[in-house]
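These are the residues of each chain, in order.
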Amino acid sequence: MPVSPQLDAFSVDARCARVLAKAESAAAVAPVVETHVLSRGAADLLIEVKAAAVNPSDVKAATGLMPYAVFPRTTGRDYAGIVVDGPAGWIGREVFGSSGDLGIRRDGTHATHLVVEADAVVEKPADISWEQAAGIGVPFVTAMEGLRRAGLPQKGETVLVMGVNGKVGQAAVQIASWHGARVIGVVRKSEPYTGHTNSPVEVIDASTTDVAALVRDLTGGKGADIVYNTVGDPYFQAAHKSLALRGRQILIAAVDRIVQFNILEFYRGQHTYVGIDTLALSSVATGAVLRELSPGFASGHLKPFPIEPRAVYPLEQAKAAFAAVAGSSRDRVILRP
C-alpha cells in the first residue's frame, strides 16, 4: 500500500467494500471495492485489517432496515488487525474489536485499513488467529451486554438459552457456564449443542416438547433465573412461562413485533425484561464490553468460534460473503482483505 512518508500526515490508500445505496433485497446487496485515502485523528488508530466478520446486521443495514444507516459507506462492524499508525506505544500491536456504529453510521471494517478510536480496541490474544479474533465481536458483545444488563448469573443459577446453537446463543452459553451457571438450551429440531461450554448443557427440542413444562421439571418447579431469548416472539410465551420468581428475560430479536403479554403474570412473578440493541453502542462502549470478556479468553473459559476455510472470502468476493450470511449460514463468515 502506498503510504506517505510524513509522520505528521500519515495516510494510506485503503481498498474498501462499499455499499453505494440501499439494496432492494438481501440478494441484491452487491458491495463494490473502491480505494479511499484514510488518515487518523489525534485520538485514533490506523489499523491494517487482517480479518473482518460479516454479520446479519451488515446485510440488514444494506437493505435499509436500519433507518439511521448512511449511504454510501464501507460496511463491517467486527475486525482484527495490526496498528500501523497511532500514539506512542501503539504501532505494531495486534488488536481486535467491534462496534455498533462502524459500518452502519460511519465507514467500517470491510477494508484493508480502518480508523478507530484508541479506546475502542482490545489486545488480541496471541493464541487466537486473525479470523477467530475477527469473529468474536458482535455475538459475544451481544451475549455479554444482555447478561450484564440482566445481572450476570451467579453460581447455581439456571440460564435457559433459546436458540442455543446460534452464535449469540453459543456465546451466552460460554459466558453463563464460565460464571458457574447451569445452562439449558432450546433448539427447534432434534440436534445436540454444538459450541464450547464449561459444563454440560441440557438440550430441549422445542418441536417435540413443552419447553416451559420441562424447564420446570428440570429445576424442581422453580424455573429459569435467566432466559436468554435470541429468537424473539416465536419463543416469547415459552420463555415467559419458564421464568422463575424474579426471573429475567433477555430479548435481542423479533420476527413479528407484537406479542400477547400477560401483565398479571409479569408483575406477580416480579419479572424483568431486558432489551438489547448493540447497534446503539459506540466503538468505545463496545470495546469496554470486550475488555470484560478478555479474562475469559485468556483463561480458556471462553473460546472463539471455529472458522471454516469455506467461510473465508477475499475482499473482492464480499457479495458472496454477504449472500452466505443472508442465506442463514451457520458458519462465522469472514472477509480477509
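Preceding this section is the structure that the text describes.
(A) Region of interest: unusual backbone geometry. Residue Pro72 is reached from Phe71 by a cis peptide bond, and omega for that bond is -10°. Within the fold, Pro72 resides in the loop between α1 (56-62) and β4 (73-74). Non-glycine residue Gln270 carries a positive phi angle of around 55°. Position of Gln270 among the secondary structure elements: in the loop between α7 (263-268) and β14 (272-275). At Ser328, a residue that is not glycine, the phi angle is positive and equals roughly 65°. Examined against the element boundaries, Ser328 turns out to sit in the loop between α9 (318-326) and β16 (334-336).

(B) Here's a closer look at the packing of helix α3 (residues 137-150) against helix α8 (residues 283-299). Taken N-terminus to C-terminus, the directions of α3 and α8 make an angle of 95°; their axes are 10 Å apart at the nearest point. Here α3 is positioned roughly perpendicular relative to α8, judged by the angle of their axes. Together, Phe140, Val141, Met144, Glu145 and Arg148 of α3 and Thr286, Val289, Leu290, Glu292, Leu293 and Phe297 of α8 make up the contact between the two elements. Its residues assigned to classes, the contact of α3 with α8 shows seven nonpolar, one polar and three charged.

(C) Fine view of the packing of aromatic side chains. This structure, assessed with the given rule, holds seven aromatic pairs. Centre to centre, the rings of Phe236 and Phe261 are 6.4 Å apart; their planes meet at 50°, and the pair counts as tilted. Within this pair, whereas Phe236 is found in helix α6 (residues 236-242), its partner Phe261 is found in the loop between β13 (243-251) and α7, the two being separated by 25 residues in sequence. Measuring from ring centre to ring centre gives 5.2 Å for Phe261 and Phe266, while their planes differ by 55°; the resulting arrangement is tilted.

(D) Examining a nonpolar patch on the surface more closely. A grouping of Phe261, Ile263, Leu264 and Tyr267 is seen on the molecular surface, where their side chains present a nonpolar patch of about 390 Å² in accessible area. Looking at where Ile263 falls in the secondary structure, it is placed in helix α7.

(E) Region of the structure containing helix α4 (residues 167-178). Along its 12 residues, α4 runs 17 Å from first to last C-alpha, staying within 8% of the 16 Å computed at 1.5 Å per residue. With 10 of its 12 residues buried, α4 lies for the most part within the structure. All of the buried residues along α4 are Val168, Gly169, Gln170, Ala171, Ala172, Val173, Gln174, Ile175, Ala176 and Ser177. Of the surrounding secondary structure, the elements contacted by the buried residues of α4 are α3, β9 (158-162), β10 (182-187), β11 (201-205), β12 (224-229) and α8. Looking one or two residues past α4, Gly180 carries a phi angle of roughly 90°, positive in sign.

What counts, and where the lines are drawn
Residues numbered from 1 in each chain as written. Predicted model: local features only at pLDDT ≥ 70, side-chain atom pairs only at ≥ 80, totals over all residues. Heavy atoms only, no water. Helix = DSSP H or I, 4+ residues; strand = E, 2+ residues; numbered from the N terminus. Axes fitted to C-alpha atoms, helices over the stretch in contact; angles between N-to-C directions. Parallel < 35°, antiparallel > 145°, perpendicular 65-115°, else oblique. Contact = heavy atoms within 4.5 Å. Nonpolar A, V, L, I, M, F, W, Y, C, P; charged D, E, K, R; others polar. Phe/Tyr/Trp six-rings, centres within 6.5 Å; stacked < 30°, edge-to-face > 60°. Patch = residues over 30% accessible without salt bridge, like charges linked within 9 Å, V, L, I, M, F, W, Y side chains within 5 Å. Areas by Shrake-Rupley, 256 points an atom, 1.4 Å probe, with all protein chains shown as cover. Salt bridge = Lys/Arg side-chain N within 4 Å of Asp/Glu carboxyl O. Expected span 1.5 Å × (residues − 1). Buried < 20%, exposed > 50% of the residue type's maximum accessible area, 1.4 Å probe, protein only.

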